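Structure assessment
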Amino acid sequence: MRKSVEGASNSFVTEDSQQCAVLTDSICAHLLPRTKQILLSSDSEAVVPYPQEPQNLDDLSPASQFSLVYWPHQCKVIRDRIEHIDWIPTTPEPLYTTTGLEMTPPYQTPDKGTVIYLGEEANKNSCFMYSQERGVCPLKQIFHQKEDNTLIFEARFESGNLQKVVKVNEFEYQLTLRTDLYTSRHTQWYYFQVSNTQAGMPYRFTIVNFTKRNSLYKHGLRPLLYSEADAKKHKVGWRRTGNEIKYYKNNAGQDGRQYFSLTWTFQFPHDRDTCYFAHCYPYTYSNLQEYLVAISKDPVKSKICKIHILCHSLAGNSVYVLTITNPPKSGKGTKRKAVILTARVHPGETNSSWIMKGFLDYILGNSGKAQLLRDNFVFKVVPMLNPDGVIVGNHRCSLTGQDLNRKYRSNVKKFYPSIWYTRNMIKRVMGDHGVFLYCDIHGHNRKQNVFMYGCERKQQAKAPYMHPRVFPLLLSKSCPDKFSFPDCRFRVQKSKEGTGRVVMWKMGINNSYTLEASICGSKLDCRRSTHFDTKDLESIGQHFCDALLNYCVHNKETQGIETQHKIFQVLEPVKKVKLPIAASAKQVGEDFSSESLTQDAKGSHEKPSVPQEAGKSVCRDTILSTRDNFHSPSFNLVSQKMKKHNGKSVSKSAEKTFQYLKGFSVIVLFEIHQRIGFSSVCWVSWSSYLKVLKDIRQMVAVHQQCWKIPRCSAAADSNVADTRTGVMELPG
């Protein structure tokens with residue numbers, strides 16, 4: 001069956017039933033609830049589950065698809081609906097600065113202290129069995145008398161995560177997080193409620209079962225606090241809290257596994273308040289449903305955005321796919337390339353949903369740029385790939401206990417439905433329209449800034465628009481205070497071969513990326529040492545659209561899309577290339593072949609030439625570094641000493657580096673340390689350049705990864721005005 005939509009213009013926004021489990025024109029249409037039952041053949045987490053027939057749900061009243069949230073049957077969920085207001089701090093919130101006086105509370109064994117909260121043994125079953133709506137309603141856990149000032153903890157709500165709380169003393173509590181369901185691993189995400197508070201008292205919380213050795217809490221990340229009293233009285237939402245923050249190895253290791261603790265002190269703002277703590281800004285499955293309902297009810301947005309059900313998860317929750325584009329004008333059917341975006345394959349990376357929200361707000365807006373993008377592309381968006389994991393408060397896995405971002409090569413449709421249907425949908429779109437760009441949005445728990453992972457071959461295509469480094473570079477220019485191009489990586493590691501990025505690249509999508517946003521904040525420009533808030537995260541999605549528009553320009557003559565880079569400008573007829581300092585070789589690396597720079601208007605290639613005064617050698621005093629000073633991963637050549645050429649200082653820093661472009665490009669840049677605040681360009685004769693090139697190639701011949709972007713400080717580039725440019729002459 002194929003459902004028709006009004007007008008031929010929407011032919012590419014309908015979905016075949018073979019690709020989508022359910023197709024709806026109205027997203028408020030009633031869907032029959034479905035569940036699945038899974039049994040594992042052994043206790044191993046790596047085995048493949050085998051499904052049985054779905055178990056019928058108990059009498060459910062009719063409701064729209066957006067009111068149904070299914071939980072594993074053993075999960076007990078409170079009836080209260082947890083809601084938070086949106087709020088942006090007036091100034092960016094600073095990272096915590098260590099004092100060296102932070103305490104490291106020891107792990108308290110079970111026989112010490114008083115257990116005041118204990119989550120249900122959701123992991124007592126080795127696998128997911130079946131689901132039901134909302135789950136069982138539990139009683140409020142109260143382990144103390146009415147006059148007691150002991151805090152009351154709760155996490156049995158959507159996306160909540162807290163397993164156990166031990167009261168150490170009057171104002172100190174030891175917390176244990178719940179591992180991902182049906183696993184014994186993955187403790188990072190936390191989100192819980194605290195009530196019965198006392199204002200102004202020095203509380204200390206210590207989470208004792210983190211498993212990662214490195215953490216952004218070592219670099220200033222602070223927990224999030226939300227006060228219902230502040231939200232009601234002052235319209236203040238999530239804000240950063242915590243002093244004496246310390247992340248350290250504890251003494252709780254067992255079975256050869258090492259655990260790490262996070263401790264912090266704080267004060268509650270009000271007496272008898274209800275507060276929440278979270279690792280990052282929560283964004284639940286219900287939040288997504290509310291957002292999609294608002295789109296469906298908007299008379300303008302609903303015409304350009306069609307919301308379908310891509311498939312259903314193991315628990316029966318809907319996985320949505322959005323198709324966004326403008327109807328072709330004058331009834332002409334244009335074959336538009338597709339842009340694919342996905343998010344929340346890892347449930348604990350909630351910042352990816354905020355970036356996705358920013359992208360959707362922008363692309364569904366009425367700005368001229370959004371209109372132009374919708375005129376030229378069809379956007380396929382899967383905003384939440386792992387709704388089950390989001391609902392139960394997992395950090396990384398689905399209800400199979402597996403990381404879905406390692407399952408893109410799997411053909412087991414019944415156990416990884418969102419991944420299977422997404423990959424199948426992309427295959428079909430590639431055949432029908434072609435895919436211009438694919439991007440999977442993630443959060444990163446060990447690095448700051450926003451950056452991208454891409455894929456490139458050893459023999460990369462020479463056309464600039466075919467190079468996978470171009471789009472991340474443009475995004476860094478669109479968002480210089482948050483996005484760091486030097487942090488981007490383009491190596492395809494064997495351990496990542498099952499990820500969406502690599503699988504889509506091997507399917508033929510050259511621009512295939514993972515967008516990573518730090519859970520913490522930025523190290524760049526004016527945002528150095530500050531946290532990201534939700535507005536910052538949403539702006540990343542908006543800048544993504546800007547970069548996409550800069551990457552592509554509409555060619556009216558060919559009635560299609562031509563990609564262009566706005567990095568180099570070829571000048572006539574002197575054969576000079578104007579290189580903006582902000583896009584120097586330090587960042588560009590091998591992004592653009594010299595053939596594109598020396599190509600004339602007719603497309604022919606000429607041997608470049610360089611004017612040079614007789615009797616003068618150019619850059620004669622340049623001294624190459626020794627092999628020991630050559631850092632092959634970043635391909636930096638560190639000069640050994642300062643020299644002057646023609647009375648002009650070439651370099652004044654012990655960290656000066658010079659780069660060159662691969663092939664027949666001839667730039668040698670001396671990038672001055674960021675404290676100097678400027679860059680200078682050194683001109684190299686053709687013979688000198690060939691000698692330099694030969695020496696460098698000999699040094700890098702043994703290195704497996706050739707021509708990588710150097711890892712350097714993005715702040716150094718940001719201090720250089722775009723107006724200061726160096727003009728190089730091509731040598732002959």
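See the structure printed just above.
Let me begin by describing the structure that accompanies this report. (Residues numbered from 1 in each chain as written. Predicted model: local features only at pLDDT ≥ 70, side-chain atom pairs only at ≥ 80, totals over all residues. Heavy atoms only, no water.)

**Quick look at the overall build of the protein**
Check the secondary structure of the protein and you find 14 helices and 36 strands. Going through the 732 residues of the protein one by one, you find that 57% of them count as buried. A fraction of 74% describes how many contacts in the protein between residues 6 or more apart in sequence connect residues 24 or more apart. Taken as a whole, the protein presents about 31,800 Å² of accessible surface, with 49% of it coming from carbon and sulfur. (Helix = DSSP H or I, 4+ residues; strand = E, 2+ residues; numbered from the N terminus. Buried < 20%, exposed > 50% of the residue type's maximum accessible area, 1.4 Å probe, protein only. Contact = heavy atoms within 4.5 Å. Areas by Shrake-Rupley, 256 points an atom, 1.4 Å probe, with all protein chains shown as cover.)

**Here we look at unusual backbone geometry**
The backbone phi angle of histidine 186 is positive, close to 70 degrees, even though this residue is not glycine. Topologically, histidine 186 is positioned in the loop between strand S8 (172-176) and strand S9 (191-195). Accessibility expressed as a relative area gives 18% for histidine 186, which makes it buried. One non-glycine residue, arginine 272, adopts positive backbone phi at about 50 degrees. Its location among the elements puts arginine 272 in the loop between strand S14 (260-266) and strand S15 (275-278).

**Structural notes on the packing of aromatic side chains**
Remark: the centre distance and the inter-plane angle together describe each pair of aromatic rings, the angle taken between the planes. A complete count under the given rule lists 41 aromatic pairs for this structure. Linked through ring pairs, Phe153, Phe171, Tyr173, Tyr190, Phe192, Tyr203, Phe205, Trp264, Phe266, Phe268 and Phe277 together constitute an aromatic cluster. A cation over an aromatic ring shows up here: lysine 413 above the ring of tryptophan 420, its NZ or CZ 4.8 Å from the ring centre. For lysine 496, the ring lying beneath its charged end belongs to tyrosine 453, and the centroid distance is 5.9 Å. (Phe/Tyr/Trp six-rings, centres within 6.5 Å; stacked < 30°, edge-to-face > 60°. Lys NZ or Arg CZ within 6 Å of the ring centre and 35° of its normal.)

**Quick notes on the nonpolar core**
Residues Phe153, Phe192, Phe205, Phe359, Phe379, Met452 and Leu515 are the most contacted members of the largest nonpolar core, which totals 124 residues. Tallying contributions element by element places helix H10 (residues 534-551) first for this core, with eight residues. If near-sequence neighbours (up to four positions away) are discounted, leucine 515 is found in contact with Ile355, Cys439, Asp440, Ile441, His442, Val450, Phe451, Met452, Leu475, Phe483 and Ile540. Counting residues in hydrophobic clusters, the runner-up holds 25 residues, among them Leu310, Met425, Val503 and Ile509. (Core = buried A, V, L, I, M, F, W, Y, C linked by side-chain atoms within 4.5 Å.)

**A word on H10**
Over its 18 residues, H10 runs 26 Å from end to end, which matches the ideal 26 Å to within 8%, given 1.5 Å per residue. One side-chain oxygen at the N-terminal end of H10 lies 3.0 Å from the backbone nitrogen of lysine 535; it belongs to aspartate 533. (Expected span 1.5 Å × (residues − 1). Polar contact = N/O pair within 3.5 Å; in protein donor to acceptor, adjacent residues only side chain to side chain.)

**A short note on a positive patch on the surface**
Residues Arg213, Lys218, Lys246 and Lys249 make up a contiguous surface patch of positive charge. Within the secondary structure, lysine 249 is located in strand S13 (residues 243-249). (Patch = residues over 30% accessible without salt bridge, like charges linked within 9 Å, V, L, I, M, F, W, Y side chains within 5 Å. Salt bridge = Lys/Arg side-chain N within 4 Å of Asp/Glu carboxyl O. Lys, Arg positive; Asp, Glu negative; His and termini not counted. Charge placed at Lys NZ, Arg CZ, Asp CG, Glu CD.)

**Focus on the sheet that holds S15**
Taken in spatial order, the five strands of this open sheet run S6-S9-S15-S11-S12, and their pairing is antiparallel. Two strands close off the open sheet at either side, each with one partner strand: strand S6 (152-154) and strand S12 (239-240). Pairing of strand S11 (residues 224-227) with S12, which is carried by two bridges, proceeds in the antiparallel orientation. The residue of S12 that forms the bridge with leucine 225 is arginine 239. (Pairing = 2+ DSSP bridges.)

**Here's the deal with the pairing of strand S22 (residues 512-518)**
Across the seven residues of S22, seven count as buried, placing the element largely inside the fold. Relative to S22, strand S20 (residues 435-444) runs parallel, the two sharing seven bridges. Bridging from a neighbouring strand, histidine 442 pairs with glutamate 516 of S22.

**Here's the deal with the sheet that holds S20**
Here we have seven strands laid out as an open sheet, ordered S16-S17-S19-S18-S20-S22-S21, and mixed in their pairing. Whereas interior strands pair on both sides, the edge strands pair on one side only; in this sheet they are strand S16 (305-312) and strand S21 (450-453). Taken pair by pair, the neighbouring strands of this sheet meet at an average axis angle of 20 degrees, ignoring direction. Looking at chain direction, strand S18 (residues 337-343) and S20 are connected through six bridges and run parallel. Across the sheet, alanine 343 pairs through a bridge with isoleucine 441, a residue of S20. Sitting on the sheet, H10 is in contact with S18, strand S19 (377-382), S20, S21 and S22, with an inclination near 155 degrees to S20. (Axes fitted to C-alpha atoms, helices over the stretch in contact; angles between N-to-C directions.)

**Re the environment of lysine 380**
Position of lysine 380 among the secondary structure elements: in strand S19. For lysine 380, a relative accessible area of 3% translates into the label buried. Taking C-alpha positions, lysine 380 is 6.2 Å from valine 339, a pair spaced 41 residues apart along the chain. Only 2.9 Å separates the side chain of lysine 380 from the side chain of threonine 323, close enough to count as a polar contact.

**Quick notes on the environment of valine 502**
Within the secondary structure, valine 502 sits in helix H9 (residues 500-506). For the pair formed by valine 502 and glutamate 456, sequence separation is 46 residues and the distance between their alpha carbons is 9.9 Å. Excluding its chain neighbours within four sequence positions, the residues that come into contact with valine 502 are Cys455, Val492, Lys496 and Glu497.

**Side note on the environment of phenylalanine 532**
For phenylalanine 532, the position within the fold is in the loop between strand S24 (530-531) and H10. Between the alpha carbons of phenylalanine 532 and isoleucine 519 there is a distance of 7.6 Å; along the sequence they are 13 residues apart.

**Observations regarding the packing of helix H5 (residues 368-376) against H10**
At their nearest, the axes of H5 and H10 sit 10 Å apart, and the two run at 60 degrees to each other. As summarised for this structure, H5 and H10 are arranged oblique, according to the angle between their axes. As for how H5 packs across H10, the hand of that crossing is left-handed. Counting all contacts with H5, which are made through Lys369, Leu372 and Leu373, the residues of H10 involved are Cys545, Asp546, Leu548 and Leu549. Looking at side-chain class alone, the contact of H5 with H10 contains five nonpolar, no polar and two charged residues. (Parallel < 35°, antiparallel > 145°, perpendicular 65-115°, else oblique. Left-handed = near helix turned anticlockwise from the far one by under 90°. Nonpolar A, V, L, I, M, F, W, Y, C, P; charged D, E, K, R; others polar.)

**Quick look at helix H2 (residues 285-297)**
Counted at 1.5 Å a residue, the expected span for H2 with its 13 residues is 18 Å, and the 19 Å between its end C-alpha atoms agrees. At its buried positions, H2 is contacted by helix H3 (301-304), S16, strand S17 (318-324), helix H4 (351-363) and helix H6 (387-392).

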